[in-house]
Amino acid sequence: MVANQGFDRSLRLLSASDYSRVFSSTSVKSGCPQALFIASPNRLDHPRLGLVIARKHVKLAVHRNRLKRLIRESFRLRQAQMPSLDIVVLARRGMAELDNTAVSLMLEKQWNRLCKRALEKTT
RNA sequence: AGAGUCGGCUGGACAGUCGCUCUGCGGGGAGCGGGAAACCGUGCCGCAGGGAGGAAAGUCCGGGCUCCAGAGGGCAGGGUGCCAGGUAACGCCUGGGAGGCGUGAGCCUACGACCAGUGCAGCAGAGAGCAGACCGCCGGUCCCGUUGCGGGCCGGUAAGGGUGAAAGGGUGCGGUAAGAGCGCACCGCACGGCUGGUAACAGUCCGUGGCACGGUAAACUCCACCCGGAGCAAGACCAAAUAGGAAUCCGCAGGCGCGGCCCGCGCCGGAUUCGGGUAGGUUGCUUGAGGCCUUCGGUGACGAAGGCCCCAGAUGAAUGACUGUUCCAGACAGAACCCGGCUUACAGGCUGGCUCUCACC
């Protein structure tokens, strides 16, 4: 791995087929009232991230952008400690009401749970 | 100073660390793909620079652009609706007119036509549209033994009362049985002329008419003008895998069909090539009715000339996160082909013109 802090295109889910693969063969799940995390192992040597922030659940474009940025930022800083998973984060209804620090805290917790569960699965 | 009115500008700042995207420059003896190579495409590293809005929003109008359709004309459907100008165009803007509101600055108006036709109008009321006698007023006549200014009948009458959102010009004088544009004066109205204005319209200078053609067209309708349809997921190009198609060649080794058999032909087979085309990718994609400054023309919207500038271009979708400092403690809110408007949301801050009231010099 070149950089363990960057976030370029190779770290994102890029096509509809990538997404549908994660949805159809989910192996690890985690959730809270504001968001749902699902993941499936990939054959690369690093994790990848995809986001689904529906307009139905987060009405304003400003809030959707804010959440995406926060999730990407959090993922960027944690990626080095993560197994090779394709992760999709789905926003739920109350997510826009959380402020930045609350979102970051929530994400930290969910990354930990997700990695733990993935590790249990492989061993 | 207070109250008000019409605009214009702005939409936290600074520092550090870690990221994203685009552009430019530089770098690499072995990143990947192509090529004989030069090199090309892509990627990597470093440096420098750009990186959301006044509404980016709602998607309500108007254009550009793209494809499809199209001789010409009409109908249907939709839109606009005082006049003139501006503009690529508009339902926008500017100037003007008319009506209404306000002491005023100023604001508001879907502001064409109901003597082309059709329709609509609850309740009240005698009567609601080529109107109408309920009370009243007046005349005549009859009756009650003649008294009361009584009652009935036949007429006249729209001045008064009453109803209503609205009752068919207003005021005054004459007139009359009582009244009435019945007549006259003034005001108003309609029509024609004249004058001013490009026009909407105004003036009331002159003449004519006793005087309605009631209201309603965001009611049907009529009149005038405008409008082909779909949208960047438009459109153009490259193009895996799989299935199917076409052409050429191979083989004549095999199977099936035509046939008694052979030759031959057709189909199946293998190879190559081609065209359509899905996933995916590239492009369209930001230099434009562009911005800023100056001068000139115009009351103004705006136009002309000259100079300078290049100012987001993502595509599972960049423009951010964290920490610190500071202040007046940060509202509404995120580009998706691009412009011109309209509408709606919005913490505050700065600023200009004008009006009214009060006080002082």
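Scroll up to find the structure this text is about.
Residues numbered from 1 in each chain as written. Chains lettered and ligands numbered in written order. Predicted model: local features only at pLDDT ≥ 70, side-chain atom pairs only at ≥ 80, totals over all residues. Heavy atoms only, no water.

Novice: Is there a simple way to think about the protein's contact with RNA strand B in this case?
Specialist: In the vicinity of RNA strand B there are 22 residues, among which Arg12, Leu13, Asn65, Arg69 and Arg76 approach most closely. Protein-adjacent atoms of RNA strand B, using a 4 Å cutoff, are sugar or phosphate at a proportion of 67%. One of the side-chain nitrogen or oxygen atoms of Arg12 is found 3.4 Å away from a phosphate oxygen of RNA strand B. For the surface near RNA strand B, the elements supplying multiple residues, two or more each, are α1 (16-24), β3 (48-52) and α2 (61-78). Top contributing element to the surface near RNA strand B by residue count: α2, with eight residues. Taken together, the residues that form the surface near RNA strand B break down as eleven nonpolar, five polar and six charged. (Near = heavy atom within 4 Å. Polar contact = N/O pair within 3.5 Å; in protein donor to acceptor, adjacent residues only side chain to side chain. Helix = DSSP H or I, 4+ residues; strand = E, 2+ residues; numbered from the N terminus. Nonpolar A, V, L, I, M, F, W, Y, C, P; charged D, E, K, R; others polar.)

Novice: In this structure, what is going on with the nonpolar core? I would like to understand it.
Specialist: The nonpolar side chains of a soluble globular protein tend to be buried, and buried together. Within the largest apolar cluster, 29 residues are counted, with the highest numbers of intra-cluster contacts made by Phe37, Leu49, Ile71, Ile87, Val89 and Trp111. It is helix α3 (residues 100-122) that provides the largest number of residues to this core, a total of seven residues. In this structure, Tyr19, Val22, Val88 and Leu90 belong to the second largest nonpolar core, which totals six residues. (Core = buried A, V, L, I, M, F, W, Y, C linked by side-chain atoms within 4.5 Å. Buried < 20%, exposed > 50% of the residue type's maximum accessible area, 1.4 Å probe, protein only.)

Novice: For this particular structure, what's the right way to read the environment of Arg93?
Specialist: One can find Arg93 in the loop between β4 (85-91) and α3. Remark: the alpha-carbon pair of Arg93 and Pro33, spanning 60 residues in sequence, is separated by 8.3 Å.

Novice: In this structure, what is going on with the state of the cysteines? I would like to understand it.
Specialist: Each disulfide consists of a covalent bond between the sulfur atoms of two cysteine residues. Inspection of every chain in the model, using the stated rule, returns zero disulfides. Cysteine Cys32 shares no disulfide, and the gap to the nearest cysteine sulfur, in Cys115, comes to 15 Å. Judged by its relative accessible area of 14%, Cys32 falls in the buried class. Residue Cys115 is classed as buried on the basis of its relative accessible area of 12%. (Disulfide = S-S within 2.5 Å.)

Novice: I tried to follow the pairing of strand β1 (residues 28-32) on my own but got confused; where do I start?
Specialist: Note on strand geometry: in a regular strand, side chains alternate between the two faces of the sheet. Side chains of β1 alternate between two faces, with Val28, Ser30 and Cys32 buried and Lys29 and Gly31 left unburied. Sheet topology note: the β1/strand β2 (residues 35-41) ladder contains five bridges and is antiparallel. Within β2, the residue paired with Cys32 across the bridge is Ala35. Counting the residues between successive antiparallel strands, the hairpin from β1 to β2 contains two residues. (Pairing = 2+ DSSP bridges.)

Novice: I'm lost on the environment of Leu51 in this one. Help?
Specialist: Here Leu51 is to be found in strand β3. Spatially, the C-alpha atom of Leu51 lies 9.6 Å from that of Leu67, the residues being 16 residues apart in sequence. Setting aside residues no more than four positions away along its own chain, Leu51 makes contact with Tyr19, Lys68, Ile71, Arg72 and Val89. (Contact = heavy atoms within 4.5 Å.)

Novice: Please clarify how the pattern of salt bridges should be interpreted in this entry.
Specialist: Oppositely charged side chains can pair when the atoms bearing their charge come close. A full pass over the atoms with the stated rule returns five salt bridges. For the salt bridge of Arg21 with Asp86, the shortest nitrogen-to-oxygen distance reads 2.5 Å. Of this pair, Arg21 sits in helix α1 while Asp86 sits in strand β4, and the two are 65 residues apart along the sequence. Judged by its relative accessible area of 0%, Asp86 falls in the buried class. Among the salt bridges present, the one from Glu73 reaches Arg76, with a minimum N-O distance of 2.5 Å. Residue Glu73 and its partner Arg76 are both found in helix α2; the two are separated by three residues, about one turn of the helix. By relative accessible area, Glu73 is classed as partly exposed at 38%. What you see here is one network of salt bridges that share partners, running through Asp18, Arg21, Arg48 and Asp86. (Salt bridge = Lys/Arg side-chain N within 4 Å of Asp/Glu carboxyl O.)

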